[in-house]
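A structural walkthrough
Residues per chain are reported as follows:
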Amino acid sequence: MSTQRDLWRSELDPERIVQMTVNHWQEMEHHEREDVLAVEEPFEVRINGESLAVIMRTPGHDKELALGFLFSEGILSTIDDIEGIESAVDSDGLPLENVINVRLRQPGNAASETSCDLPGGVSFERHFAVSSSCGLCGKNSIASLLQDAPPLEQDTLQVSAKTLYMLAQRLREQQAVFSHTGGLHAAGLFSLRGELQLLREDIGRHNAVDKLIGHGFLHKGLPYRENLLLVSGRTSFEIIQKALQARIPYVIAISAPSSLAVDLAEKSNMTLVGFLRGHSMNIYTHPERITL
């Protein structure tokens, strides 16, 4: 007979880590012990009071996540598009947990294909339902994406292979929640000299990237034209899409890229690196930016 397993907030990080009792097996022996898990909760993003997206994410840096997501989807262009960002409230005026409302100054630039017409003339193509393994999220093709976000401008940037080989360890050393749970992805923004400037962790790698981009959006740090983006897992089309919106010239991953990610990176004039492990890596596109 199975029994209900209780979860409780961990003192290690009450917002992002929970604990539970598990039944641990080693060979043919087993016993109960405590384990820690990364928190995954739904997060609703509203625009002018209307629901736009529900994102499965790890709590923390929620404003950055909302703004990074909206910027990556082309709904926001600059911080000046926003009149305010606050916790949504219920009918009694009490804050709603895990719900954020972004108030826009001007109508959004997304063309409506549904009846989702929002106050002030703002309209959007669809409601998003975003999981931690989100794919294209509504983008139909590379061609349509490049109409909104043209390829990166030609540049003379160069980074040494030695610098790239140091990135993974520097990222890993700063992954606080991963160190406890082993259950989070990370995205790190580095300088061209390999200095870690910003790190975000999340159950979804694309959420971690949105948080990095949202930080730049919120603090007027975009575009990231002279930065490296390192992601802890594989590289999907969507990661390249987000990097392109933020104008990041280098995307590096610990694991493999997808075919569509490689195709988009090539057409976007972006250097894409995969399988960065130890002193080894694959350079899939635009290797001219990497030197000895």
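You'll find the protein chain entered in an unreviewed UniProt entry as Sulfur carrier protein FdhD, with Ktedonobacter robiniae given as the organism. Per UniProt, the comment on the protein chain under Subcellular location (unreviewed entry) is "Cytoplasm". Word for word, the UniProt comment on the protein chain under Sequence similarities (unreviewed entry) is "Belongs to the FdhD family."

With that settled, the discussion passes to the packing of aromatic side chains. Inspection of the entire model under this criterion finds one aromatic pair. With centroids separated by 5.6 Å and ring planes inclined at 50°, the aromatic side chains of F71 and F217 adopt a geometry described as tilted. Here the residue F71 occupies a position in helix α1 (residues 62-72), and F217 occupies one in helix α5 (residues 205-218), the gap between them amounting to 146 residues. Accessibility classification places F71 together with F217 in one group, the buried group. The ring of Y250 carries R289 above its face, with NZ or CZ at 5.9 Å from the centroid.

V45, L70, L229, I240, V251 and M270 are the most contacted members of the largest nonpolar core, which has 50 residues in total. Setting aside residues up to four positions removed in sequence, I240 forms contacts with T235, V251, A261, L264, A265, M270 and L272. Counting residues in hydrophobic clusters, the runner-up holds 18 residues, among them V159, A161, A186 and F190.

Rules used throughout
Residues numbered from 1 in each chain as written. Predicted model: local features only at pLDDT ≥ 70, side-chain atom pairs only at ≥ 80, totals over all residues. Heavy atoms only, no water. UniProt positions renumbered as here; feature names shortened; annotations may be inferred. Phe/Tyr/Trp six-rings, centres within 6.5 Å; stacked < 30°, edge-to-face > 60°. Helix = DSSP H or I, 4+ residues; strand = E, 2+ residues; numbered from the N terminus. Buried < 20%, exposed > 50% of the residue type's maximum accessible area, 1.4 Å probe, protein only. Lys NZ or Arg CZ within 6 Å of the ring centre and 35° of its normal. Core = buried A, V, L, I, M, F, W, Y, C linked by side-chain atoms within 4.5 Å. Contact = heavy atoms within 4.5 Å.

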